[in-house]
Amino acid sequence: MSEARDAAQRVLLVDDEEELRRSTAQALELFGLSVQTFSNADHVLELAGFGFEGVIVSDIRMPGTDGMTLLQRVRELDAEIPIILVTGHGDVQLAVKAMREGAYDFLEKPFTPQHLAGVIRRALDRRALVMENRRLKAVAGKRDDLETRMPGRTQVMVDLRYRIRAIGATDADTLIIGETGAGKEVVARALHDVSPRANRPFIAINCAALPETLIESELFGHEAGAFPGAIRPRYGKFEHGRGGTILLDEIGSMPFDLQAKFLRVLQERVITRLGSNETVALDVRFIATSKVDLEAEVAAGRFRADLLYRLNVATIHVPSLRERRADIALLFLQLVREASARYGRDDLDVPVDVIATIGDQAWPGNVRELRNAADRLVLGLDLPSTDSNGRLRDPAGRLADKVAAFERSLIAGEIAAHGGALRPVYESLGISRKTLYEKMQKHGLDKRLISADQMLQDE
């Protein structure tokens, strides 16, 4: 079977019962499906994403991450991945709830392999249509999945998406720089999903959270007897990610003595497990993120210069919200829609004054803080910019600055609310088209919106 066909027929099967898992996989393979089995849901999340072209089949009742939790977490990665849930007799009501929350289908035990294979094939057909539609949109220059995940019309966001597409298609190790909450891990996942490694594991490692006493075992693995308590051999995270992408989150926190060992891995693409003298070839791509200036860390003697030079073959800067203020209203509305879907709430009609105030905030926590504000709004809690009665708090500064900031945020909010169409914006604000254009130029709003709307008017 060709590699392309394997990708198109791929099924991730999750069930904690080994015998049932094995027999189901064997039956599905007889129907020409490529099946990868898992005893728990954790590793499935390393494979699911926008680049995944297959289907997930999962039992509902499992220890640890159950089927319902898996459904929610996969939908956060890509809401259009088909998930088929397998239920016992007493779980039917729960399965119906899962259907309302986005599951593709559910099967009640016992079921025949033919029936399951038929459901999977229909789900694969749907996924193939979704992926083809995304590719066509990307070729046509229209809004695609990358813009959906990282919305924004400012030039810095246009440049960011361009760099992701250009670098993602290569195997170049990449350094991602950005403030806390700016979306560095989202960019890393996007690089993986647009790469040829999209159907392989994506392993995220938080360098700041690794236990110092076990850090080498966690990364490189160990042989039995390598240290007290090492009863059996164990793959490390690097080896577990073979063929895929390894994300080293906040690499500036990696202990200095470990940096030399990691540099060898980068240069030679081999690892040596603890307690072994044999090297293991490593086919992975490394992506590192940092919120601190690594050059300053090098100058301070806390980070190796040779590791920095080896890492930043390609560097991506993720802009803060301060650098793309014109996108804040648009981004907030999208986060509100996502929060509404996540919490099972009806779509919320966000008041214009709230949108305007959102655009006027500093947001030092960037997208993460903005997402929390969207969640609070959907849940009916107070926003940081409103008092207990929902009235707007006065920002500090001169009256002229307040008026200008409010006008800019109001216009940006209206543009976002109308999806970039300018005619309903100037009609709803009660101003002329010429006045709207002048105010957009005055406040530094995206001028490309003006030319695009004008072209539509001229047609």
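Residues numbered from 1 in each chain as written. Predicted model: local features only at pLDDT ≥ 70, side-chain atom pairs only at ≥ 80, totals over all residues. Heavy atoms only, no water.

Draft legend 1. Structural context of the pairing of strand E11 (residues 285-290). Of all 6 residues in E11, 6 are buried; the element is thus mostly enclosed. Side chains Arg285, Ile287 and Thr289 of E11 all project onto a buried face; the interleaved residues Phe286, Ala288 and Ser290 project onto the opposite face, where all are buried too. Pairing of strand E6 (residues 174-177) with E11 involves 4 bridges; the strand directions are parallel. Bridge pairing in E11 places Ile177 opposite Ser290. Bridge count for strand E8 (residues 245-249) against E11 is 4 bridges, and the pairing is parallel. Among the inter-strand pairings, Leu248 is bridged to a residue of E11, identified as Ala288. (Buried < 20%, exposed > 50% of the residue type's maximum accessible area, 1.4 Å probe, protein only. Helix = DSSP H or I, 4+ residues; strand = E, 2+ residues; numbered from the N terminus. Pairing = 2+ DSSP bridges.)

Draft legend 2. Broad picture of the sheet that holds E6. If you trace the 5 strands from one edge of the open sheet to the other, you get E7-E8-E11-E6-E12, paired in parallel fashion. Strand pairing shows two members of the sheet lacking a second neighbour, strand E7 (202-206) and strand E12 (314-317), which therefore form its edges. Sheet twist, expressed as the mean angle between neighbouring strand axes with direction ignored, is 20°. Helix H7 (residues 155-168) contacts E6, E11 and E12 of the sheet and is inclined by roughly 155° relative to E12. Here helix H8 (residues 184-193) sits on the sheet and contacts E6, E7, E8, E11 and E12; the angle it forms with E6, its principal contact strand, is near 150°. (Axes fitted to C-alpha atoms, helices over the stretch in contact; angles between N-to-C directions. Contact = heavy atoms within 4.5 Å.)

Draft legend 3. Region of interest: the side chain of Glu218. Residue placement: Glu218 occurs in helix H9 (residues 215-220). Its relative accessible area of 19% is what places Glu218 among the buried residues. Residues within four places of Glu218 in sequence aside, it is in contact with Leu210, Arg234, Gly236 and Lys237.

Draft legend 4. Summary view of the packing of aromatic side chains. Overall, the coordinates contain 4 aromatic pairs when judged by the stated rule. Centroid distance Phe220 to Phe238: 5.6 Å. Interplanar angle 80°. Geometry classified as edge-to-face. You can see Phe220 sitting in helix H9 and its partner Phe238 sitting in helix H10 (residues 237-240), a full 18 residues away along the chain. For the residue pair Phe220 and Phe238, the accessibility class agrees, reading buried in each case. Summarising the aromatic geometry, the rings of Phe238 and Phe286 are spaced 5.4 Å apart at their centres and angled 80° between planes, so their arrangement reads as edge-to-face. Note that Phe238 is positioned in helix H10 and Phe286 in strand E11, a separation of 48 residues in sequence. Per residue, the accessibility class of Phe238 equals that of Phe286, and both read buried. One aromatic cluster in this structure is built from Phe220, Phe238, Phe262 and Phe286. The ring of Tyr235 carries the charged tip of Arg242 above its face, separated from the ring centre by 5.3 Å. (Phe/Tyr/Trp six-rings, centres within 6.5 Å; stacked < 30°, edge-to-face > 60°. Lys NZ or Arg CZ within 6 Å of the ring centre and 35° of its normal.)

Draft legend 5. Spotlight on unusual backbone geometry. The omega torsion across Lys109 and Pro110 is -5°, close enough to zero to call that bond cis. Looking at where Pro110 falls in the secondary structure, it is placed in the loop between strand E5 (105-108) and helix H5 (113-139). The phi torsion at Glu250 lies on the positive side, around 55°, for a residue other than glycine. You can see Glu250 is positioned in the loop between E8 and helix H11 (256-268). Among the residues examined, Glu250 registers a relative accessible area of 14% and is labelled buried. The phi dihedral of Arg269 falls on the positive side, at around 55°, and the residue is not glycine. Residue position: Arg269 is located in the loop between H11 and strand E9 (270-272).

Draft legend 6. Molecular detail of the packing of helix H14 (residues 328-342) against helix H15 (residues 352-359). Two elements in contact, H14 and H15, have axes separated by 9 Å at closest approach and are oriented at 120°. Taken together, H14 and H15 sit at an angle that is classed as oblique. Here the hand of the crossing between H14 and H15 comes out right-handed. Taken together, the residues of H15 that come into contact with H14 (itself represented by Ile328, Ala329, Phe332 and Leu333) are Ile355, Ile358 and Gly359. When grouped by side-chain class, the residues that make up the contact of H14 with H15 number 6 nonpolar, 1 polar and no charged. (Parallel < 35°, antiparallel > 145°, perpendicular 65-115°, else oblique. Left-handed = near helix turned anticlockwise from the far one by under 90°. Nonpolar A, V, L, I, M, F, W, Y, C, P; charged D, E, K, R; others polar.)

Draft legend 7. Molecular detail of the packing of H14 against helix H16 (residues 366-378). Where H14 contacts H16, the axes come no closer than 8 Å and their chain directions differ by 55°. Classified by the interaxial angle, the pair formed by H14 and H16 is oblique. Taken as a pair, H14 and H16 cross one another with a handedness that is right-handed. Listed contacts from H16 to Ile328, Leu331, Phe332, Leu335, Val336, Ala339, Ser340 and Arg342 of H14 are Val367, Leu370, Arg371, Ala373, Ala374, Asp375, Leu377 and Val378. Partitioned by chemical class, the residues of the contact of H14 with H16 number 12 nonpolar, 1 polar and 3 charged.

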